[in-house]
Amino acid sequence: MKHRYLILPASIALASCTLGPDFQLPGVTGGTKWKEGAATPAARLPDNWWRLFNDSELNRLIDHSLAANNDLAAAKARVDTSRALVAVDQARMFPTLDLMGSAGISRSSSDVLRGNIPSGVDVDLESQHYRSSFDLAYDPDLWGRNKRLIEASSAQAAASEALLDSQRLGVAAEVARQYFLLRGLDAQEAVLDDTLKSRREALDIQKSKMDAGLTDGLAFSRARTEVELADNDLALVQRQRGSAEHALAVLCGVTPSDFSVAARTPISTLPSIRAGLPAEVLMRRPDVRAAEQQLRAANAQIGVAEAAFYPNFSLSAGGGFESVDAKRFLNWENRVLSLGANVAAPIFDGGTNKANYQAARSRYDEALAKYRQTLLVALREVEDALVDLKGLAHSRASLERAVTSAKDTQQLAQERYDKGLTNYLDVVDAERGVLQTRLALSQVEAQQRITLAALAKALGGGWSGK
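In this text, all values refer to a predicted model and were calculated from it rather than measured experimentally.

## Thoughts on the overall build of the protein chain
Right, so step 1: Counting its secondary structure elements, the protein chain contains 10 helices and four strands.
Right, so step 2: For the protein chain, the C-alpha radius of gyration of 39 Å lies well beyond 23 Å, the compact-globule estimate for 466 residues.
Right, so step 3: Burial analysis of the protein chain (466 residues in total) assigns 38% to the buried set.
Right, so step 4: For the protein chain, long-range pairs separated by at least 24 residues make up 84% of all intrachain contacts whose partners lie at least 6 apart in sequence.

This is the structure:
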């Protein structure tokens, strides 16, 4: 009898055994330099990094989108789900206690019973049965299967939280991209409005000359063509602006019919965002943290699969009352007690456990490959943003000089035409040059802001401390 009471302490002592490999993060640092920029330590971006652009309308839109975006709401629900599943696995470490109760009445067939009982013996055809007990069950987790399950679900919960951070960063960056695109289109629309105004004035002048018989109408026809082309360009810009505004509405969780952004010229100043060191970027990126946690979960699942090869032990106990008479149900002599230990050892499973273990190993290899790929993509996105910013800065400087030169050309062409030294086609070509360079400059300025937002996203934004 004494040996029976040694079962529980011995089981608890064995429970310290945890199968499967302990997690170790692959040693990947990302290098010490950037190909397209200087690698120097830099301060972490603020959580609200978009405020570096000093645009109150942008701040309002991103704050609204982070509070109302439906994709973010779904991601938050996934985080809550993953946390609840951790609690489910944690509950496996504790005993379960159930209150069981039953009551019933039955009646047997008279012919059956009396046919098997000697005559003269009184038989009660009806019987009652009452039972109530507390049943206790406990899995001592000898091989650490439950510990590995908790480790896996906790890692999955951490991964879902990191993915929520990544999605928040993506929503903020996409709002910034659409907003800067919209402001760039506002700038192009302002250029086209100026162009249309001057071309309509030129068209009126050419019409007056044609009506006075000073020209044969060719210059008027060309002037009218230029007005219509500029009007077509304006319609194209307005159509693109409408699409950007609709995209912003969806990001903010608002129907497009109830959403609008007033037109205005963009702010000219640009913030300074430094890349820092590659290792810092990898630590800040929420998608890298998510990939790391998914790798951790896959590693823990190997231990779960390995534990299936070993016997499973469980302890049980119960106590209560059982009687055939409700009046005597709680009498002490009607008490029932039970205490037991169960063991189930796999003997033949057709290779199921081996296949599950191989699958767990393969899933870990898959998670490891995804983790390494996530690191490479993270570093590439920073390099892309850096090389784009470098190229855009060069393009902007060139276009600013080109605008000045094109305006000089237009003035000279107009003066020569007014003096009768050249035809109106030279004036048209010069005006086209001014328009094209001004539009290109507006596009580059917008793209600089879009790329700075992309760099902020590539650097991990400001959620690395969560």
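## Side note on a nonpolar patch on the surface
Right, so step 1: Nonpolar side chains collect at one region of the surface, where Leu97, Leu99, Phe134 and Leu136 lie side by side and expose about 420 Å² of accessible area between them.
Right, so step 2: Locating Leu99 in the fold gives a position in strand β1 (residues 96-107).
Right, so step 3: Under the relative-accessibility criterion, Leu99 is labelled exposed at 57%.

## So, the nonpolar core
Right, so step 1: Core analysis: the largest hydrophobic core is formed by 59 residues, its most contacted members being Trp49 and Val382.
Right, so step 2: Mapped onto this core, the elements with two or more residues apiece are α2 (56-68), α3 (70-91), α5 (145-211), α6 (218-251), α7 (278-284), α8 (286-307), α9 (352-418) and α10 (424-458).
Right, so step 3: By residue number, the principal contributor to this core is α9, which donates 12 residues.
Right, so step 4: Here Val382 is in contact with Trp34, Ala275, Val281, Leu455, Ala458 and Leu459, once residues within four sequence places are set aside.
Right, so step 5: Core analysis: the second largest hydrophobic core is formed by 21 residues, Leu185, Ala202, Leu234 and Val428 among them.

## Thoughts on the environment of Val88
Right, so step 1: Turning to its location among the elements, Val88 is positioned in helix α3.
Right, so step 2: Put simply, Val88 and Leu149 are 61 residues apart on the chain and 9.9 Å apart in space, counted from C-alpha to C-alpha.

## Describing the packing of α9 against α10
Right, so step 1: Packing of α9 against α10 leaves a shortest axis separation of 8 Å and a crossing angle of 160°. Between α9 and α10, the crossing angle belongs to the class labelled roughly antiparallel. The handedness of the crossing between α9 and α10 comes out as left-handed.
Right, so step 2: Grouping the amino acids of the contact of α9 with α10 by side-chain chemistry returns 22 nonpolar, nine polar and nine charged.

## Digging into the sheet that holds strand β2 (residues 126-138)
Right, so step 1: If you trace the four strands from one edge of the open sheet to the other, you get β1-β2-β3-β4, paired in antiparallel fashion. Edge positions in the sheet fall to β1 and β4 (335-344), since each of these pairs with one other strand and no more. Put simply, the sheet's adjacent strands are angled 20° from each other on average, direction ignored.
Right, so step 2: Pairing of strand β3 (residues 312-323) with β4, which is carried by 10 bridges, proceeds in the antiparallel orientation. Its bridge partner being in β4, Gly318 is matched across the sheet by Ser338.

## Considerations on the pattern of salt bridges
Right, so step 1: Following the criterion strictly, the structure yields 27 salt bridges and no others.
Right, so step 2: A salt bridge links Lys207 to Asp211; the nearest nitrogen and oxygen atoms lie 3.0 Å apart. Here the residue Lys207 and the residue Asp211 both occupy positions in helix α5, the gap between them amounting to four residues, near one helical turn.
Right, so step 3: Overall, Lys207 belongs to the partly exposed group, its relative accessible area being 40%.
Right, so step 4: For Glu445, the salt bridge is made with Arg396, and the minimal N-O distance between the two is 3.5 Å. Of this pair, Glu445 sits in helix α10 while Arg396 sits in helix α9, and the two are 49 residues apart along the sequence. There is no split in this pair, since Glu445 and Arg396 are both buried.
Right, so step 5: One network of salt bridges, with partners in common, ties together Arg183, Asp186, Arg241 and Glu245.

## Points about the packing of α6 against α10
Axes are the key here: two packed helices are described by the angle between their axes and the distance separating the axes.
Right, so step 1: Close contact between α6 and α10 brings their axes to 10 Å; oriented N to C, the two are set at 15°. With respect to each other, α6 and α10 are oriented roughly parallel. For the crossing formed where α6 meets α10, the hand is right-handed. Across the interface between the two elements, Ala219, Arg222, Ala223, Glu226, Leu229 and Asp233 of α6 pack against Tyr424, Leu425, Val428, Arg432 and Leu435 of α10.
Right, so step 2: Split into classes, the residues belonging to the contact of α6 with α10 amount to seven nonpolar, no polar and four charged.

## Considerations on the pairing of β2
Right, so step 1: Here β1 pairs with β2 via 12 bridges, running antiparallel. Within β2, the residue paired with Leu97 across the bridge is Leu136.

## Re unusual backbone geometry
Right, so step 1: The phi dihedral of Asn54 falls on the positive side, at around 55°, and the residue is not glycine.
Right, so step 2: Along the polypeptide, Asn54 turns up in the loop between α1 (7-14) and α2.
Right, so step 3: Owing to a relative accessible area of 57%, Asn54 belongs among the exposed residues under this scheme.
Right, so step 4: Its identity is not glycine, yet Asp141 carries a phi of approximately 55°, on the positive side.
Right, so step 5: Tracing the chain through its elements places Asp141 in the loop between β2 and α5.
Right, so step 6: With relative accessibility at 4%, the residue Asp141 sits in the buried group.

## A word on the packing of aromatic side chains
Right, so step 1: Inspection of every chain in the model, using the stated rule, returns seven aromatic pairs.
Right, so step 2: Measuring from centroid to centroid gives 6.3 Å for Phe321 and Phe329, while their planes differ by 55°, and the two rings are tilted.
Right, so step 3: A relative accessible area of 17% means that Phe329 is categorised as buried.
Right, so step 4: Through pairs of rings, three or more aromatic residues link up here, namely Phe53, Tyr179 and Phe180.

Rules used throughout
Residues numbered from 1 in each chain as written. Predicted model: local features only at pLDDT ≥ 70, side-chain atom pairs only at ≥ 80, totals over all residues. Heavy atoms only, no water. Helix = DSSP H or I, 4+ residues; strand = E, 2+ residues; numbered from the N terminus. Rg over C-alpha atoms; globule rule 2.2 N^0.38 Å. Buried < 20%, exposed > 50% of the residue type's maximum accessible area, 1.4 Å probe, protein only. Contact = heavy atoms within 4.5 Å. Patch = residues over 30% accessible without salt bridge, like charges linked within 9 Å, V, L, I, M, F, W, Y side chains within 5 Å. Areas by Shrake-Rupley, 256 points an atom, 1.4 Å probe, with all protein chains shown as cover. Salt bridge = Lys/Arg side-chain N within 4 Å of Asp/Glu carboxyl O. Core = buried A, V, L, I, M, F, W, Y, C linked by side-chain atoms within 4.5 Å. Axes fitted to C-alpha atoms, helices over the stretch in contact; angles between N-to-C directions. Parallel < 35°, antiparallel > 145°, perpendicular 65-115°, else oblique. Left-handed = near helix turned anticlockwise from the far one by under 90°. Nonpolar A, V, L, I, M, F, W, Y, C, P; charged D, E, K, R; others polar. Pairing = 2+ DSSP bridges. Phe/Tyr/Trp six-rings, centres within 6.5 Å; stacked < 30°, edge-to-face > 60°.

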